[in-house]
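# Examining the three-dimensional arrangement
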Amino acid sequence: DIQMTQSPSSLSASVGDGVTITCRASQGISYYLAWYQQKAGNAPKLLIYAASTLQSGVPSRFIGSGSGTDFTLTITSLQPEDAATYYCQKYIRAPYIFGQGTKLEIK
Amino acid sequence: QVQLQESGPGLVKPSQTLSLTCNVSGGSINSGDYYWSWIRQPPGKGLEWIGYIYYNGGIWDNPSLRSRLTITIDTSKSQFSLQLHSVTAADTAVYYCARAYSGWYFDSWGQGTLVTVS
């Protein structure tokens, strides 16, 4: 199975900062990657699919990029409501594996 | 706007069967664009895809759970269900039902339900 590795596992940043989360696949997955945001006590929310396509209603400060094995989620101009755990997910074929998550704290 | 809602017991004894149902409203479970999914999250841990079912009954599942898994769909009731057999404490988790667009990414989720095996 293809494994997904996220880094860092946690990070802290201030309001207005920009941050980047990385997701690496153990094999090439083309652009078949999604990003989710999960706030404490809530279900995950789809942010980005096809590596870089923003889901409807998601703020444009969330930017996805990459293809093949290396992907990034960049959040520009952090807002307090961005505090959450972020997961990547590959969907080139079953089983559909998630990364282990990156917890973002807003100072 | 589609809504998904999980229901089922919150406590299951070891070796017994965990049974959950997801009710779909605000959208058609018969839509060929979507696959109806189960995903779980142990307390404090990450997300694990369990499997999904298509409106015609086709099933794709996680090989790690396949031997204990039953997923069914009742399109007349707009519901799909999960049964996980022979559970242990390791199956304690929040269980989510979700909708997968083209069987790819999960664009709508239920609120989740905590199932404890004890």
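Above: the structure in question.
Criteria and thresholds
- Residues numbered from 1 in each chain as written.
- Chains lettered and ligands numbered in written order.
- Predicted model: local features only at pLDDT ≥ 70, side-chain atom pairs only at ≥ 80, totals over all residues.
- Heavy atoms only, no water.
- Helix = DSSP H or I, 4+ residues; strand = E, 2+ residues; numbered from the N terminus.
- Rg over C-alpha atoms; globule rule 2.2 N^0.38 Å.
- Contact = heavy atoms within 4.5 Å.
- Areas by Shrake-Rupley, 256 points an atom, 1.4 Å probe, with all protein chains shown as cover.
- Phe/Tyr/Trp six-rings, centres within 6.5 Å; stacked < 30°, edge-to-face > 60°.
- Buried < 20%, exposed > 50% of the residue type's maximum accessible area, 1.4 Å probe, protein only.
- Lys NZ or Arg CZ within 6 Å of the ring centre and 35° of its normal.
- Salt bridge = Lys/Arg side-chain N within 4 Å of Asp/Glu carboxyl O.
- Polar contact = N/O pair within 3.5 Å; in protein donor to acceptor, adjacent residues only side chain to side chain.
- Nonpolar A, V, L, I, M, F, W, Y, C, P; charged D, E, K, R; others polar.
- Core = buried A, V, L, I, M, F, W, Y, C linked by side-chain atoms within 4.5 Å.
- Pairing = 2+ DSSP bridges.

Of the regular secondary structure elements, chain B holds zero helices and 11 strands. Written out in order from the N terminus, the α and β elements of chain B read β-β-β-β-β-β-β-β-β-β-β. Against the compact-globule benchmark of 13 Å for 118 residues, chain B has a radius of gyration of 13 Å, which places it among compact chains. C-alpha extents for chain B along the principal axes are approximately 35 × 25 × 25 Å. When contacts within chain B are restricted to residue pairs at least 6 apart in sequence, long-range pairs at least 24 apart make up 54% of them. Total accessible area on chain B is roughly 5200 Å²; 46% of this is exposed by carbon and sulfur atoms.

Moving on, we get to the packing of aromatic side chains. All told, the structure shown has 25 aromatic pairs over all chains when counted by the stated rule. When the centroid spacing of 5.9 Å and the interplanar angle of 70 degrees are considered together, the rings of Tyr32(A) and Trp104(B) count as edge-to-face. A residue pair is termed interchain when its members come from two chains, as with Tyr32(A) in the loop between strand E3 (19-25) and strand E4 (33-38) and Trp104(B) in the loop between strand E9 (93-101) and strand E10 (105-109). Accessibility expressed as a relative area gives 34% for Trp104(B), which makes it partly exposed. Summarising the aromatic geometry, the rings of Tyr96(A) and Trp49(B) are spaced 4.8 Å apart at their centres and angled 85 degrees between planes, so their arrangement reads as edge-to-face. Taken together, the residues span two chains, with Tyr96(A) in the loop between strand E9 (84-90) and strand E10 (102-106) and Trp49(B) in strand E5 (residues 48-53). Residue classification places Tyr96(A) among the buried positions, given a relative accessible area of 7%. For Trp49(B), a relative accessible area of 1% corresponds to the buried category. Here a set of aromatic residues connected by ring pairs shows up, and it is made of Tyr31(A), Tyr32(A), Tyr49(A), Tyr91(A), Tyr34(B), Trp36(B), Trp38(B), Phe80(B), Tyr101(B), Trp104(B) and Tyr105(B). Directly above the aromatic system of Tyr34(B) lies the positively charged group of Arg99(B), at a separation of 3.7 Å from the ring centroid.

Once that is clear, we can look at the interface of chain A and chain B. Listed as interface residues are 17 residues of chain A and, on the opposing side, 18 residues of chain B. Counting every contact that joins chain A to chain B gives zero salt bridges. Along the contact surface separating chain A from chain B lie eight residue pairs in polar contact (both at pLDDT 80 or more). Residue assignment for the side of chain A that touches chain B shows that the elements contributing at least two residues are E4, strand E5 (45-49) and E9 of chain A. Among the elements that line the side of chain A that touches chain B, the one with the most residues is E4(A), at three residues. Partitioning the side of chain A that touches chain B into residue classes produces 13 nonpolar, four polar and no charged.

With that settled, consider the nonpolar core. Grouped together as the largest cluster of nonpolar side chains are 26 residues, with contacts concentrated most on Met4(A), Leu33(A), Trp35(A), Leu73(A), Ile75(A), Tyr86(A) and Leu104(A). Looking at this core, the element that brings in the most residues is E3(A), giving four residues. Aside from chain neighbours lying at most four places away, what touches Tyr86(A) is Gln6(A), Ile21(A), Tyr36(A), Gln37(A), Leu47(A), Phe62(A), Leu73(A), Ile75(A), Gly101(A), Thr102(A) and Leu104(A). By size, the runner-up hydrophobic cluster in this structure holds 25 residues, among which are Leu20(B), Val24(B), Leu65(B) and Val87(B).

A separate point is the sheet that holds E5(A). Residues and elements named next belong to chain A. The mixed open sheet is built from six strands, whose spatial order is E2-E10-E9-E4-E5-E6. Unpaired on one side and paired on the other, strand E2 (10-13) and strand E6 (53-54) mark the two borders of the sheet. Here three bridges tie E9 to E10, and the two strands are oriented antiparallel to one another. When the sheet's bridge partners are listed, Thr85 is paired in E10 with Lys103.

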